[in-house]
Amino acid sequence: MAASVLGTDRADNYKETELCLGLPGAAGAKNEVETPNKSTGKRGFAETVDLKLHLQAKDGVMDLNENIKNITSNVKNHLPAVTIKDPAKPPAKAQVVGWPPVRSYRKNVMSQKNAGEEGDQKASTGGSSAAFVKVCMDGAPYLRKVDLKMYKSYQELSDALAKMFSSFTMGNYGAQGMIDFMNERKLMDLLNSSEYVPSYEDKDGDWMLVGDVPWEMFVNSCKRLRIMKGSEAIGLVSAPRAMEKCKSRT
Amino acid sequence: MLRKASSFPEEMLEHVLSFITSDKDRNAVSLVCKSWYEIERWCRKRIFVGNCYAVRPEMVIRRFPELRSVELKGKPHFADFDLVPDGWGGCVYPWIAALATAYPLLEEIKLKRMVVSDESLEVIAKSFKNFKVLVLSSCEGFSTDGLAAVAANCRNLRGLDLRESEVDDPSGQWLSRFPDSFTSLASLNISCLGAEVSFSALERLVGRCPDLKTLRLNHAVPLDKLANLLRGAPQLVELGTGAYSAELQPDVFSNLAGAFSGCKELRSLSGFWNVFPGYLPAVYPVCSGLTSLNLRDANIQGADLIKLVSQCRSLQRLWVLDYIEDIGLEALAACCKDLTELRVFPSDPYGAEPNVSLTERGLVSVSEGCPKLQSVLYFCRQMTNAALVTIAKNSPRMTCFRLCIIEPRAPDYQTLQPLDLGFGAIVENYKDLRRLSLSGLLTDRVFEYIGTYAKKLEMLSVAFAGDSDLGLHHVLSGCEKLCKLEIRDCPFGDNALLANAAKLETMRSLWMSSCSVSFRACKLLGQKMPRLNVEVIDERGPPDLRPENCPVEKLYIYRTIAGPRFDMPGFVWTMNGDSV
């Protein structure tokens, strides 16, 4: 939804555009307010980013490059990729962090409970409940939390984690930082290195390497994440066993 | 002839003061003169610290040597909605360590939004011989190991309340650590625990504590066991059930109904996870006496829900999901004339389409039917100025009004206008309004109304609203009693903030995220105002690596006499004279 995607940017920029972003109350906006989704038929996210690049910042407070950086960093941190689908169908609602203001611990608790219910209870979950898991990194003094449902792929998760823990890796562990575990390196190289490897605890209480099972399965079974040194991760469940688990579930 | 304050016997003043318990009054007393300050501080028993970073524990201990009860709050309110990154702070351990040494006779600790480690709980368990009440509200960082220490060591515990906290790896065995000789429990709230607790330990505990008045179970306690618990504690005043479903069996049902009938003192009900509607009539015997009903976790819908609520004619507080719909709220308005507090939560907050028929009409009905309404939290998907004006005129006693229209920037759906006029009527009519949350499409105009009329407002929450700094300026310059202001995704920038810098010292805190406050302004504010901590929270990395005029991600400003804190994680910077 255009307005919430740009919600982290300033409202004054909207006035600069000639193009209608479908905001309620804006000149030329159609009466679309019966449906909550205001961007029906309007530009998807990628096009609005493009619009941004041609805007003058209102009072020159923000430098254009900063504008881009802010949007992309906000997007990466907060929003799943919104793809432009069939224009006749409203695009999937981009989720704004912390909105509506509902307690996150409740989101997790409600979704766990509702998972076991009959089909007629489906309405109450809406299919888009959150999946918050704790993330700890060896050597870091505190935990972080991520909502796995915010990401569509391991790559997105990897980027988010790298960003989250970059302040450690930069400061204490040198420029190498978090490994990109989706890259071409062989598993053994990773495990032998002193770089960091993400692992997760699944529903059975086993610790597995992240990336072993299909993304959806990972999201449904991951209880918590731990980013550990490659050398420590050698003892983890290796790929063949992960595939066994994968098969036994399907 | 005027008697000098110092010639008034101290003991008499102390005796008089013992009747003065409100913090505000106590603070006022301490400002009268030096001797009153001294007398007051020696006999103050309870303290409330609204921001754990506003003062250091040593300062509290130095001033108040005889405390018996300490209440602390940690993270800002928006932490509830994941806007405060994990690791920000609010760790209670330094406080606990200091309190343990200074107050061996401490009886109560109440914490909200703080990070509590098992170690902290162990220190509490072992340091205070007469410890009575532990409340951990929306806390995290501890496990059932810490709870086990409390259970095992606190011989005189009266209350253990874990409301809304996140407890790691909960295992039910900690309950068994209450010794058999332990009988003093009056209040137990474990509703937030995820895993099963040992039911036999729970049953024995409940059975041997004759003073138990409050029992809030977690969802893992099955329905068929509830009757046993109730028969063991017919004196209960507040009950939170566990899961409320089972196969409908006549003997289970009659057992349960009989158990409820035996609880003549029951005034408050909650829980009701996974409701099987066939069992709802089991609670009907107690409905007429209920003053508080919390169905926030209950998936009861339609006629079942309306029937239940309509039986509770003495209801003062109702928390419910939007399954109640407009039609249910009409029934509520007709039946529950003593209603003072209503909270309606969204059953499907992220759905693109409404899944229930709950609109502005429901709230209008309640405002018309319930003249004592004081506190409202209402999630809905549409609103009009006309409805807000009506609601404003109907409920003169309102002190807390929080409206959340789920779609950001949603206008009046009939006129397509901003909701400025509606909220304007709210603040103009609610003369005693202390707390307000805004939503919907709002311009600077609404803030002008707030600054003009909301003279008693203490807490304001704003999201996706306003056009310019003028909005923020109206609030900061107009709201005399403003204590907490939290803002997200609004086009407020440097000017209003810097122009009202002095105001910030009169408030507890200001939160701004995804706004337009530049790093330069933050530095300036930190330099100009030494008694504020200006915290820049930015997960993109150090702000001085970006241009000064770049807006910061998040900003948290609070007054403090403790100076900058030293427990900040890598993504928080405090601006002060020699900042960053």
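Residues numbered from 1 in each chain as written. Chains lettered and ligands numbered in written order. Predicted model: local features only at pLDDT ≥ 70, side-chain atom pairs only at ≥ 80, totals over all residues. Heavy atoms only, no water.

A.B. asks: Can you lay out the packing of helix α2 (residues 23-30) of chain B against helix α3 (residues 34-43) of chain B for me, pointing to particular residues and giving the numbers?
C.D. replies: Residue and element names in this part refer to chain B. The geometry of α2 relative to α3 is characterised by a closest axis approach of 7 Å and an angle of 145 degrees between their N-to-C directions. Residue-level inspection shows R26, V29 and S30 of α2 in contact with α3, the latter providing W36, Y37, E40 and C43. For the contact of α2 with α3, the class distribution of residues is 4 nonpolar, 1 polar and 2 charged. (Axes fitted to C-alpha atoms, helices over the stretch in contact; angles between N-to-C directions. Helix = DSSP H or I, 4+ residues; strand = E, 2+ residues; numbered from the N terminus. Contact = heavy atoms within 4.5 Å. Nonpolar A, V, L, I, M, F, W, Y, C, P; charged D, E, K, R; others polar.)

A.B. asks: Describe in detail the UniProt feature "domain: F-box" (unreviewed entry) in chain B, supporting the description with residues and values.
C.D. replies: When the UniProt feature table is mapped onto this chain numbering, "domain: F-box" (unreviewed entry) sits at residues 8-49 of chain B. Span residues 8-49 of chain B is 62% helix and 10% strand, its end C-alpha atoms 31 Å apart. (UniProt positions renumbered as here; feature names shortened; annotations may be inferred.)

A.B. asks: Go over the environment of A:M217 with me, naming the residues and quoting the values.
C.D. replies: Residues and elements named next belong to chain A. With respect to the helices and strands, the residue M217 is situated in helix α9 (residues 215-221). The class of M217 is buried, set by a relative accessible area of 16%. Along the backbone, M217 and A160 are 57 residues apart, and their C-alpha atoms lie at a distance of 19 Å. (Buried < 20%, exposed > 50% of the residue type's maximum accessible area, 1.4 Å probe, protein only.)

A.B. asks: Break down the nonpolar core for me, citing the residues and quoting the values.
C.D. replies: Membership of the largest hydrophobic core comes to 231 residues, with the highest contact counts inside it found for A:F218, B:Y244, B:F260, B:F401, B:L436 and B:I450. Here A:F218 is in contact with A:L148, A:Y154, A:L157, A:Y200, A:V210, A:V213 and A:L225, once residues within four sequence places are set aside. B:L13, B:L17, B:V29 and B:C43 belong to the second largest nonpolar core, which has 5 residues in total. (Core = buried A, V, L, I, M, F, W, Y, C linked by side-chain atoms within 4.5 Å.)

A.B. asks: With reference to specific residues and values, describe the environment of B:E548.
C.D. replies: Residues and elements named next belong to chain B. For E548, the position within the fold is in the loop between β21 (532-537) and β22 (554-559). It is 9.3 Å that separates the C-alpha atoms of E548 and K523, two residues lying 25 residues apart in sequence. Discounting chain neighbours no more than four positions away, the residues touching E548 are S518, F519, R520 and K523.

A.B. asks: Please provide a residue-by-residue account of the state of the cysteines, values included.
C.D. replies: Within this structure, the stated rule accounts for 0 disulfides over all chains. Cysteine A:C136 shares no disulfide, and the gap to the nearest cysteine sulfur, in A:C222, comes to 11 Å. A:C136 gets classed as partly exposed once you look at its relative accessible area, which sits at 22%. Not part of a disulfide, B:C370 finds its nearest cysteine sulfur in B:C336, a span of 6.8 Å. Judged by its relative accessible area of 0%, B:C370 is buried. (Disulfide = S-S within 2.5 Å.)

A.B. asks: Before we move on, could you go through the pattern of salt bridges and cite the residues and values that matter?
C.D. replies: Per the counting criterion, the structure on display carries 34 salt bridges over all chains. Between A:R103 and B:D80 there is a salt bridge whose closest N-O contact spans 3.7 Å. Note that A:R103 is positioned in the loop between α4 (64-78) and α5 (104-115) and B:D80 in the loop between β2 (69-73) and α5 (93-102), a pairing that runs across two chains. For the pair A:R103 and B:D80, a shared accessibility class is recorded, and that class is buried. One connected set of salt bridges, linked through shared partners, spans A:R103, B:D80, B:R113 and B:E164. (Salt bridge = Lys/Arg side-chain N within 4 Å of Asp/Glu carboxyl O.)

A.B. asks: Please provide a residue-by-residue account of the packing of aromatic side chains, values included.
C.D. replies: Residues and elements named next belong to chain B. Enumeration over the complete set of coordinates arrives at 22 aromatic pairs over all chains. For the ring pair F253 and Y279, a centre distance of 6.0 Å and an interplane angle of 35 degrees mean the geometry is tilted. One end of the pair, F253, is in helix α10 (residues 250-261); the other, Y279, is in the loop between β11 (268-270) and α11 (284-287), and 26 residues separate them in sequence. Taking relative accessible area as the criterion, F253 reaches 23% and is therefore assigned partly exposed. Measuring from ring centre to ring centre gives 5.5 Å for F447 and F492, while their planes differ by 80 degrees; the resulting arrangement is edge-to-face. One end of the pair, F447, is in helix α17 (residues 444-453); the other, F492, is in the loop between β19 (484-488) and α19 (494-499), and 45 residues separate them in sequence. The pair F447 / F492 is uniform in exposure class, with both members buried. An aromatic cluster is present here, built from Y53, F78, F81, W88, W511, Y556 and Y558 joined pairwise through their rings. Lying over the aromatic face of W88, R565 brings its terminal NZ or CZ to 4.4 Å of the ring centre. (Phe/Tyr/Trp six-rings, centres within 6.5 Å; stacked < 30°, edge-to-face > 60°. Lys NZ or Arg CZ within 6 Å of the ring centre and 35° of its normal.)

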